[in-house]
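Each chain, letter by letter, is given below.
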2 protein chains.
Amino acid sequence: MDLYLSHFTNRLDAKGRVSIPAAFRTVLARDGFEGLYVHPSLDMAALDCGGNALLGEIQGLLSVLEPYSVEREMFSTALLGTSEILKVDSEGRVVLSEGLKVYAGIGSEVTLVGQGQKFQIWEPERFRAHLDEAKLRVRDLRKDLGARRAVIPPRAQGARE
Amino acid sequence: MDLYLSHFTNRLDAKGRVSIPAAFRTVLARDGFEGLYVHPSLDMAALDCGGNALLGEIQGLLSVLEPYSVEREMFSTALLGTSEILKVDSEGRVVLSEGLKVYAGIGSEVTLVGQGQKFQIWEPERFRAHLDEAKLRVRDLRKDLGARRAVIPPRAQGARE
DNA sequence: TTTCAACCCATTGACGCCCATAAAATCCCA
DNA sequence: TGGGATTTTATGGGCGTCAATGGGTTGAAA
């Protein structure tokens, strides 16, 4: 499996170390990236983490922009300047920098959430809230889709199963 | 890794020396440049630093411009004429010239910010402000892109999650 | 002399690397 | 198929090394 899936809640030890879940480590290993690439998520109080897949996504975004353009400077400051490459120790743990912890409001525990190409690190309480919100949205959306489906092709739902 | 990433805040000692972060030093070493190439950033109160990679970028920029054109003169004056090559001591420190410090408003501390091919040196307070600004700009730009995407296939956002 | 830069050494706190343990998951075989 | 044995995982802690910082000394230029 080369996707980050599921979520896990782990504790930080006295030295501030967190274990990356074994399932995520195998994905990282397959990705072939040495260490863990981390940057603050642009619009959430979470940290985006990954390997070459994530870094490539970001570099692709930057490569489109004109060198020396203000836009590019902005992007590279916001994306590269705030990101870090954390070392992963022999037990599969990383130490989050103070800045990253502050950004995500992290205390003594974190929730690591698979997102496919990347995974996120959250403060557990905040993640619960975020998840509830997401569920609500999905429910509304489902309702919408259901209504639409019922109107447009009346028997579509049955045909699927 | 051959990119300057992450950011660090270091102090100047009584002799005006600043440590280049170890992570940046390894990139510089790999780049094969002796010393540190520095020039005032064109449109920000910051210093652009790097090695051969940065020099190459600048020369690439200049090569596009008509030889002997006024524009080219301006650029080469601004980029090459104001640049310095600082010596790096055995502990990985450099001394910023008075002019450079004045340009960037540097006092007793600096923030060194990875930008991929180069890194920047900022007065910490100014950098914080600049980063906030950069984040806003990037978020807006992202929103624009998202909006565009959302307009064309109206339900795309839902399909994502 | 005075100044400043190049070089060398010292300190301290953080980090990398290694080994230990308990609990959970997995395996394996009767 | 059930339950003991083995492996893996998350977590804890010790210790040596390195990075960031401070300071002293020499030598050449002013």
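Residues numbered from 1 in each chain as written. Chains lettered and ligands numbered in written order. Predicted model: local features only at pLDDT ≥ 70, side-chain atom pairs only at ≥ 80, totals over all residues. Heavy atoms only, no water.

Section: empty space enclosed by the protein
Residue and element names in this part refer to chain A. According to the stated counting rule, one finds 1 cavity of 30 Å³ or more in the structure shown. The volume enclosed by the largest cavity comes to roughly 90 Å³. It is helix 3 (residues 70-80) that contributes the most residues to the lining of the largest cavity, 3 residues altogether. Residue classes in the lining of the largest cavity are distributed as 2 nonpolar, 3 polar and 4 charged. (1 Å grid on protein atoms, 1.4 Å probe; cavity = no way out; pocket = protein on both sides within 12 Å on 5 of 7 lines; lining within 4 Å. Points joined across faces, edges and corners; volume = space filled by probe spheres on them. Helix = DSSP H or I, 4+ residues; strand = E, 2+ residues; numbered from the N terminus. Nonpolar A, V, L, I, M, F, W, Y, C, P; charged D, E, K, R; others polar.)

Structural notes on the sheet that holds strand 1 (residues 7-11) of chain A
All names here are of chain A. The 6 strands are arranged 1-7-8-4-3-5 in an open sheet whose pairing can be described as antiparallel. The two strands at the open ends of the sheet, each matched to only one other strand, are strand 1 and strand 5 (84-86). Averaged over all adjacent pairs, the angle separating strand axes in this sheet is 30°, with direction ignored. As defined by bridge partners, strand 3 (residues 36-40) adjoins strand 5 across 3 bridges and the pair is classed as antiparallel. Its bridge partner being in strand 5, Leu36 is matched across the sheet by Leu86. Contacts between helix 1 (residues 22-31) and the sheet are confined to strand 1, strand 3, strand 4 (47-50), strand 7 (109-114) and strand 8 (119-122), with strand 7 contributing the most and set at about 55° to the helix. (Pairing = 2+ DSSP bridges. Axes fitted to C-alpha atoms, helices over the stretch in contact; angles between N-to-C directions. Contact = heavy atoms within 4.5 Å.)

Comments concerning the pattern of salt bridges
Residue and element names in this part refer to chain A. As enumerated under the stated definition, the model contains 14 salt bridges over all chains in all. In this structure, Arg17 engages Asp13 in a salt bridge whose closest nitrogen and oxygen atoms are separated by 2.7 Å. Relative accessible area serves as the criterion here: at 21%, Arg17 is assigned to the partly exposed category. We classify Asp13 as partly exposed; its relative accessible area is 28%. Sharing partners across several salt bridges, the network here consists of Asp13, Arg17, Asp89, Glu91 and Arg93. (Salt bridge = Lys/Arg side-chain N within 4 Å of Asp/Glu carboxyl O. Buried < 20%, exposed > 50% of the residue type's maximum accessible area, 1.4 Å probe, protein only.)

A short note on the pairing of strand 8 of chain A
All names here are of chain A. Both faces of strand 8 are covered, namely the face carrying Phe119 and Ile121 and the face carrying Gln120 and Trp122. Strand direction decides the pairing type here: strand 7 and strand 8, joined by 4 bridges, are antiparallel. Opposite Gly114, over in strand 8, you have Phe119 as the bridge partner. The turn joining strand 7 and strand 8, which pair antiparallel and follow one another in sequence, is formed by 4 residues; a positive phi near 85° is taken by Gly116.

A look at the protein's contact with DNA strand D
If you check the shell around DNA strand D, you find 24 residues, and the closest are Lys15(A), Arg25(A), Arg11(B), Lys15(B) and Arg25(B). Sugar and phosphate atoms represent 43% of those atoms of DNA strand D found within 4 Å of the protein. At a separation of 2.9 Å, a base nitrogen of DNA strand D approaches a polar side-chain atom of Arg93(A). Its residues assigned to classes, the surface near DNA strand D comprises 6 nonpolar, 4 polar and 14 charged. (Near = heavy atom within 4 Å. Polar contact = N/O pair within 3.5 Å; in protein donor to acceptor, adjacent residues only side chain to side chain.)

A closer look at the packing of aromatic side chains
Note on aromatic pairs: each is described by the distance of the centres and the angle between the planes. Residue and element names in this part refer to chain A. Counting across every chain of the model gives 10 aromatic pairs over all chains. Taking the centre distance of 5.9 Å and the plane angle of 55° together, the rings of Trp122 and Phe127 count as tilted. Just as Trp122 is buried, Phe127 falls in that class too. Feature note: the residues Tyr4, Phe8, Phe24 and Phe119 constitute an aromatic cluster, connected by ring pairs. (Phe/Tyr/Trp six-rings, centres within 6.5 Å; stacked < 30°, edge-to-face > 60°.)

Examining the protein's contact with DNA strand C
Close to DNA strand C lie Lys15(A), Arg17(A), Lys87(A), Ser90(A), Glu91(A), Arg93(A), Lys15(B), Arg17(B), Lys87(B), Glu91(B) and Arg93(B), which account for all nearby residues. Backbone atoms, meaning sugar and phosphate, form 14% of the atoms of DNA strand C found within 4 Å of the protein. In the environment of DNA strand C, a base oxygen lies 3.5 Å from a nitrogen or oxygen atom belonging to the side chain of Lys15(A). Residue Glu91(A) places a side-chain N or O atom 3.1 Å away from a base nitrogen belonging to DNA strand C. Residue classes in the surface near DNA strand C are distributed as no nonpolar, 1 polar and 10 charged.

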